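Here is how the chains run, residue by residue.
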Amino acid sequence: MKELRKSKGLSQHQVAKKLDVTKSTISGYENNTRFPSFDAIPKIALLYNVSADYLLGINNQKMICVEGLTEPQIDAVRNIISQFLQNQIKNKDF
């Protein structure tokens, strides 16, 4: 969770405020000495734009938030991602 927080450019204090917990709670999450409650997991996932599965270590895929985009814009994002993945596969074949 520390890497997710840093990638968003947030301090522990800022995350604690957004999640309505203490800074020491966030520190505990990041140091694996404390685990988020069932209610906190979706809040954390939304904050960091990842799935609950990602937070729980079940799936390592990250999410891209397309909230506020039109359907044509979402399709464009899908196409861009598809192109990146195809290029990645082609580069691994060589």
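Here the structure is shown first, and the text comes after it.
A. Just the pattern of salt bridges, in detail. Going through the model one piece at a time under the given rule, you end up with two salt bridges. The salt bridge involving E30 is made with R5; its shortest N-O contact spans 2.4 Å. Of the two residues, E30 sits in helix α3 (residues 23-30) while R5 sits in helix α1 (residues 2-7), which places them 25 residues apart along the sequence. Of the two residues, E30 and R5, neither departs from the other in class, the shared state being buried. A salt bridge links D75 to R78, with the nearest nitrogen and oxygen atoms 3.0 Å apart. One end of the pair is D75 and the other is R78, both in helix α6 (residues 71-93) and three residues apart, which spans about a single turn.

B. Fine view of the layout of surface pockets. The volume enclosed by the largest pocket comes to roughly 290 Å³. Forming the boundary of the largest pocket are 13 residues, of which M1, Y29, N32, L55 and L56 lie nearest the centre. When contributions to the lining of the largest pocket are tallied by element, the ones reaching two or more residues are α1, α3 and α5 (52-55). Residues that form the lining of the largest pocket fall into these classes: nine nonpolar, one polar and three charged.

C. Structural view of the packing of helix α2 (residues 12-19) against helix α4 (residues 40-48). Axis separation between α2 and α4 bottoms out at 10 Å; the angle between their running directions is 125°. Judged by the inter-axis angle, α2 sits oblique to α4. Judged by the sense of rotation from one axis to the other, the crossing of α2 with α4 is right-handed. Two secondary-structure elements touch here, α2 through V15, K18 and L19 and α4 through K43, I44, L47 and Y48. Partitioned by chemical class, the residues of the contact of α2 with α4 number five nonpolar, no polar and two charged.

D. α2, seen in detail. Every buried residue of α2 is listed here: Q12, V15, A16 and L19. Each buried residue of α2 sits inside an arc of 100° when the element is viewed along its axis, so together they form one side. Facing away from the buried side of α2 by over 90 degrees, the exposed positions are H13, K17 and K18. Those residues of α2 that are buried lie in contact with α1, α3 and α4. Backbone geometry just downstream of α2 places D20 in the positive-phi region, at approximately 60°.

Cut-off values and rules
- Residues numbered from 1 in each chain as written.
- Predicted model: local features only at pLDDT ≥ 70, side-chain atom pairs only at ≥ 80, totals over all residues.
- Heavy atoms only, no water.
- Salt bridge = Lys/Arg side-chain N within 4 Å of Asp/Glu carboxyl O.
- Helix = DSSP H or I, 4+ residues; strand = E, 2+ residues; numbered from the N terminus.
- Buried < 20%, exposed > 50% of the residue type's maximum accessible area, 1.4 Å probe, protein only.
- 1 Å grid on protein atoms, 1.4 Å probe; cavity = no way out; pocket = protein on both sides within 12 Å on 5 of 7 lines; lining within 4 Å.
- Points joined across faces, edges and corners; volume = space filled by probe spheres on them.
- Nonpolar A, V, L, I, M, F, W, Y, C, P; charged D, E, K, R; others polar.
- Axes fitted to C-alpha atoms, helices over the stretch in contact; angles between N-to-C directions.
- Parallel < 35°, antiparallel > 145°, perpendicular 65-115°, else oblique.
- Left-handed = near helix turned anticlockwise from the far one by under 90°.
- Contact = heavy atoms within 4.5 Å.
- Arc of directions from axis to C-beta.

Keep in mind that these numbers describe shape and distance, not what the molecule does.
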